[in-house]
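# Structural features, examined
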Amino acid sequence: MRAQEATWPAGFACLLSGNLAAMSTATTQLWICESCGFIYDPAEGDPDGGIPPGTAFEDIPEDWFCPVCGARKADFEPYEG
Ligand SMILES: [Zn+2]
């Protein structure tokens, strides 16, 4: 039984705990940039843009912009994978 837990990749365990933390305050909804196709994943955030992993798109500051093409938040739309 315990051997199963030990075989979990460390990254997978981190992902699980991250999702649990995100569930209470955030969403897993992906958003796509209409200009360049960049997909914002709340689980990853945008560390280069000052957005920590686990940040819902709704919680991103209004002055944030697409890290790829510079489009504004308003240029993103919900992405249905
Ligand atoms: Zn873009």
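Residues numbered from 1 in each chain as written. Predicted model: local features only at pLDDT ≥ 70, side-chain atom pairs only at ≥ 80, totals over all residues. Heavy atoms only, no water.

The secondary structure content of the protein amounts to two helices and three strands. Look at the contacts in the protein between residues 6 or more apart in sequence, and 46% of them connect residues 24 or more apart. (Helix = DSSP H or I, 4+ residues; strand = E, 2+ residues; numbered from the N terminus. Contact = heavy atoms within 4.5 Å.)

Along the chain, A71 falls in the loop between β2 (39-40) and β3 (76-79). As for A71 and C36, which are separated by 35 residues in sequence, their C-alpha atoms are 8.5 Å apart. Ignoring anything within four residues of it in the chain, the contact list for A71 reads C33, S35, F65, C66 and F76.

All right, on to the pattern of salt bridges then. Counted by the stated rule, this structure contains one salt bridge. For K73, the salt bridge is made with E62, and the minimal N-O distance between the two is 3.5 Å. Of this pair, K73 sits in the loop between β2 and β3 while E62 sits in the loop between β2 and β3; the two residues are 11 residues apart in sequence, bridging distant segments of the chain. For K73, a relative accessible area of 10% corresponds to the buried category. (Salt bridge = Lys/Arg side-chain N within 4 Å of Asp/Glu carboxyl O. Buried < 20%, exposed > 50% of the residue type's maximum accessible area, 1.4 Å probe, protein only.)

What follows is about the side chain of T55. Its location among the elements puts T55 in the loop between β2 and β3. Judged by its relative accessible area of 14%, T55 is buried. In this structure the side chain of T55 is engaged in a polar contact, spanning 2.7 Å, whose partner is the backbone oxygen of P52. Leaving out residues up to four positions away in the same chain, T55 has contacts with Y40, P42 and I60. (Polar contact = N/O pair within 3.5 Å; in protein donor to acceptor, adjacent residues only side chain to side chain.)

Another point: the sheet that holds strand β1 (residues 30-33). Reading across from one edge, β2-β1-β3 is the order of the three strands in this open sheet, with antiparallel pairing throughout. In the strand order of this sheet, the two ends are held by β2 and β3, each with one partner. For β1 and β2, the ladder comprises two bridges, and the chain directions are antiparallel. Bridged to I32 within β2 is I39. (Pairing = 2+ DSSP bridges.)

This next bit is on the nonpolar core. Listed in full, the 10 residues of the largest apolar core are W31, C33, Y40, I51, F57, I60, W64, C66, A71 and F76. Not counting residues up to four positions away in its chain, the partners in contact with W31 are F38, I39, Y40, F57, E58, F76, E77, P78 and Y79. (Core = buried A, V, L, I, M, F, W, Y, C linked by side-chain atoms within 4.5 Å.)

Moving on: the environment of G50. Mapped onto the secondary structure, G50 falls in the loop between β2 and β3. According to the relative accessible area criterion, G50 is exposed, its value standing at 56%. Between the C-alpha atoms of G50 and I60, which are 10 residues apart in sequence, the distance is 9.5 Å.

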